[in-house]
Protein chains: 2
Amino acid sequence: MQATTAKRTAKRGSAKTRALVRGEPVVRGILAATLEELASAGYRALRIEDVATRAGVNKTTVYRRWPTKEDLVRAALLSVTDEKIIPPNTGSLRGDLVALGRAIIEIQASPVGQSLFHVCLSEGPDSELMTIARSLRAVQEAGLRAIIEAAVARGELAPSADPMLPCELLAAYLRHKMLADRTIVDEAQLVHVVDVILLGVLRPDRRKRA
Amino acid sequence: MQATTAKRTAKRGSAKTRALVRGEPVVRGILAATLEELASAGYRALRIEDVATRAGVNKTTVYRRWPTKEDLVRAALLSVTDEKIIPPNTGSLRGDLVALGRAIIEIQASPVGQSLFHVCLSEGPDSELMTIARSLRAVQEAGLRAIIEAAVARGELAPSADPMLPCELLAAYLRHKMLADRTIVDEAQLVHVVDVILLGVLRPDRRKRA
């Protein structure tokens, strides 16, 4: 898609479209404006015109790159996790999971993260927005899979039928605390939960696999 | 409250109020009707009159026992978990957590459970309904605490600063699968997740507490 846009741009060749391809700041500005619009108006009521106004660009600048509202919102949501949830590669599964947890907590605690959370919930589990959010999980899972594969390569984990479970348990717990207790988990609790996922809760002398 | 109602009933002494106190079926009918109304209309739009009609009782029969909509919905939600999530006491933490997971899954998979889940989500995290649901957690936690205390008494768990974590991780995971993947977890996966919570994911030769 990058390539297609570049080709189209070369053909048209206006200063504005060249800026859009070259100019990451413009793209980032539009995606940030999309997140802000999404957080304040929700998905259903979101209008590309309002995003353009907020970003200070012409609406054709937005349409050219993201022809539909769905494309635009998908890109905006991906930009949140892409920036934060980079495979951390700390050298241990414990370090990587703590880093992953910190990234999730940072998103949860940010104003845009908080608003998006509310919007996602209030639009309901079968809304278009939640469908988009779910479709992004495949992309995000690639990053998480790198954490697990590195741990298997280091010999920390045996290859497993359900390799993503450590990441899923951690993400599920952090989301549960926010949803059920309206709590952002602190660093000490994050490390504690990661250690439970790594080591389990049973006393060492009671560990016979049943 | 049971005692107060009984005293009031004795004073008034009508056949109808005696039936309400004696007659668990009437109470259960009203609570079931409340869940059905809640599932179809949501909390905001729920009217005690409609609950009474659905249950086939006079609305004063409902008001007498639950003076407000909040009281009624709280009792109805409690009835769901009270019936299902009884401390299972299977003799092992593994058995108890699997039984707890089965109970949660049974609620998730039931038509009323599914609808309640949608209603809770669509009314949003700061809605009155979610506030009621959160206030019930203290009551539900008493049952879960019994699971943990029995495990500590059997020597399976060391006393912990965060004793509820095993139950919370399990509940969070089951909710996450439903919310993120629209999946009801099957028995094999339930047992797998319980074993990860009990034993951790690290290979035995890599288990040094950091």
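Residues numbered from 1 in each chain as written. Chains lettered and ligands numbered in written order. Predicted model: local features only at pLDDT ≥ 70, side-chain atom pairs only at ≥ 80, totals over all residues. Heavy atoms only, no water.

Participant: So what's going on with the overall build of chain A? Which residues, and what values?
Facilitator: Tallying secondary structure elements over chain A gives 11 helices and 0 strands in all. Element order for chain A, N to C, with α for helix and β for strand: α-α-α-α-α-α-α-α-α-α-α. A sequence separation of at least 24 residues applies to 62% of the contacts in chain A between residues at least 6 apart. Carbon together with sulfur atoms contributes 56% to the accessible area of chain A, which is approximately 10,000 Å² in total. (Helix = DSSP H or I, 4+ residues; strand = E, 2+ residues; numbered from the N terminus. Contact = heavy atoms within 4.5 Å. Areas by Shrake-Rupley, 256 points an atom, 1.4 Å probe, with all protein chains shown as cover.)

Participant: Quick one: what's the story with the UniProt feature "DNA-binding region" (unreviewed entry) in chain A, residue by residue and with numbers?
Facilitator: Under the local residue numbering, the UniProt record ascribes the feature "DNA-binding region" (unreviewed entry) to residues 47–66 of chain A. The span residues 47–66 of chain A is 75% helix and 0% strand, and its two end C-alpha atoms sit 13 Å from each other. (UniProt positions renumbered as here; feature names shortened; annotations may be inferred.)

Participant: Can you lay out the relation of the copies chain B and chain A for me, pointing to particular residues and giving the numbers?
Facilitator: For the match of chain B to chain A, the screw axis carries a shift of 0.0 Å, the RMSD comes to 0.0 Å, and the turn is 180 degrees. This pairing of chains is accounted for by a two-fold axis. Relative to the rotation axis, the closest C-alpha in chain B is found at G200 of chain B, a distance of 1.8 Å. Here 100% of the interface residues in chain B have copies in chain A that are interface residues too; the copies meet face to matching face. (Least-squares fit on C-alpha atoms with pLDDT ≥ 70 in both.)

Participant: Let's hear about helix α8 (residues 111–123) of chain B: which residues, and what values?
Facilitator: An α-helix turns once every 3.6 residues. As a result, residues three or four positions apart point the same way. Residues and elements named next belong to chain B. Under the 1.5 Å per step criterion, the end-to-end length of α8 is 18 Å for 13 residues, consistent within 8% with the ideal 18 Å. Inspection of α8 places G113, L116, F117, V119, C120, L121 and E123 among the buried residues, and these make up the whole buried set. At the C-terminal side of α8, G124 shows a positive phi close to 90 degrees. (Expected span 1.5 Å × (residues − 1). Buried < 20%, exposed > 50% of the residue type's maximum accessible area, 1.4 Å probe, protein only.)

Participant: Quick rundown of the confidence of the model for chain A? Include the residues and the values.
Facilitator: Segments scoring low in pLDDT should not have their predicted coordinates read at a detailed level. Residues with a pLDDT of 70 or more make up 86% of chain A, whose mean pLDDT is 84. Contacts for the low-pLDDT stretch residues 1–22 of chain A, under 50 throughout, to residues beyond four places or in other chains number 19 contacts. (pLDDT = per-residue confidence, 0-100.)

Participant: Quick one: what's the story with the pattern of salt bridges, residue by residue and with numbers?
Facilitator: Where charged atoms of side chains with opposite charge meet at close range, the side chains can pair. Enumeration over the complete set of coordinates arrives at 22 salt bridges over all chains. The partner of R54 of chain A in a salt bridge is E37 of chain A, with the nearest N and O atoms 2.9 Å apart. Taken together, the positions of R54 of chain A in helix α4 (residues 48–55) and E37 of chain A in helix α3 (residues 24–41) put the pair 17 residues apart, joining distant regions of the chain. For K177 of chain B, the salt bridge goes to E168 of chain A, with nearest N and O atoms at 2.9 Å. Placement of the pair is K177 of chain B in helix α11 (residues 165–181) and E168 of chain A in helix α10 (residues 165–181), with the two residues belonging to separate chains. Across the pair, E168 of chain A and K177 of chain B agree in class, each one buried. Connected via shared salt-bridge partners are E36, E37 and R54 of chain A. (Salt bridge = Lys/Arg side-chain N within 4 Å of Asp/Glu carboxyl O.)

Participant: Give a detailed account of the interface of chain B and chain A, specifying residues and quantitative values.
Facilitator: As a measure of interface size, the accessible area lost when the parts come together is often cited. With 46 residues of chain B at the interface, the matching set in chain A holds 46 residues. Summed over both partners, the interface of chain B with chain A comes to about 4,700 Å²; 59% of that surface belongs to carbon and sulfur atoms. For the pair chain B and chain A, the number of links is 2 salt bridges. Joining chain B to chain A, the criterion identifies 18 residue pairs in polar contact (both at pLDDT 80 or more). Contributions of two or more residues to the side of chain B that touches chain A are made by α7 (93–109), α8, α9 (128–135), α11 and α12 (187–199) of chain B. Top contributing element to the side of chain B that touches chain A by residue count: α11 of chain B, with 12 residues. Its residues placed into classes, the side of chain B that touches chain A shows 22 nonpolar, 7 polar and 17 charged. (Buried area = accessible area lost by both parts, 1.4 Å probe. Polar contact = N/O pair within 3.5 Å; in protein donor to acceptor, adjacent residues only side chain to side chain. Nonpolar A, V, L, I, M, F, W, Y, C, P; charged D, E, K, R; others polar.)

Participant: Break down α3 of chain A for me, citing the residues and quoting the values.
Facilitator: Residue and element names in this part refer to chain A. In this model α3 runs 25 Å from its N-terminal to its C-terminal C-alpha over 18 residues, within 8% of the 26 Å that 1.5 Å per residue would give. For α3, the set of buried residues is V27, I30, L31, A33, T34, L35, E37, L38 and A39. At the exit of α3 stands G42, carrying a positive phi of roughly 85 degrees.

Participant: Describe the environment of G155 of chain B, with residues and values.
Facilitator: Its place among the elements puts G155 of chain B in the loop between α10 (137–153) and α11. In contact with G155 of chain B, not counting residues within four places along its chain, are R203 and R206 of chain A.

Participant: Any chance you could break down the nonpolar core for me, citing the residues and the numbers?
Facilitator: If you look at the biggest cluster of nonpolar residues, it comprises 56 residues, and the most contacted ones within it are L93 and L170 of chain A together with L93 and L170 of chain B. The set of elements that each furnish at least two residues to this core consists of α7 (93–109), α9 (128–153), α10 and α11 (187–199) of chain A together with α7, α10, α11 and α12 of chain B. In this structure L93 of chain A touches I147, A151, R154, E156, L157 and L198 of chain A together with V201 and L202 of chain B, once residues within four positions along its chain are discounted. (Core = buried A, V, L, I, M, F, W, Y, C linked by side-chain atoms within 4.5 Å.)

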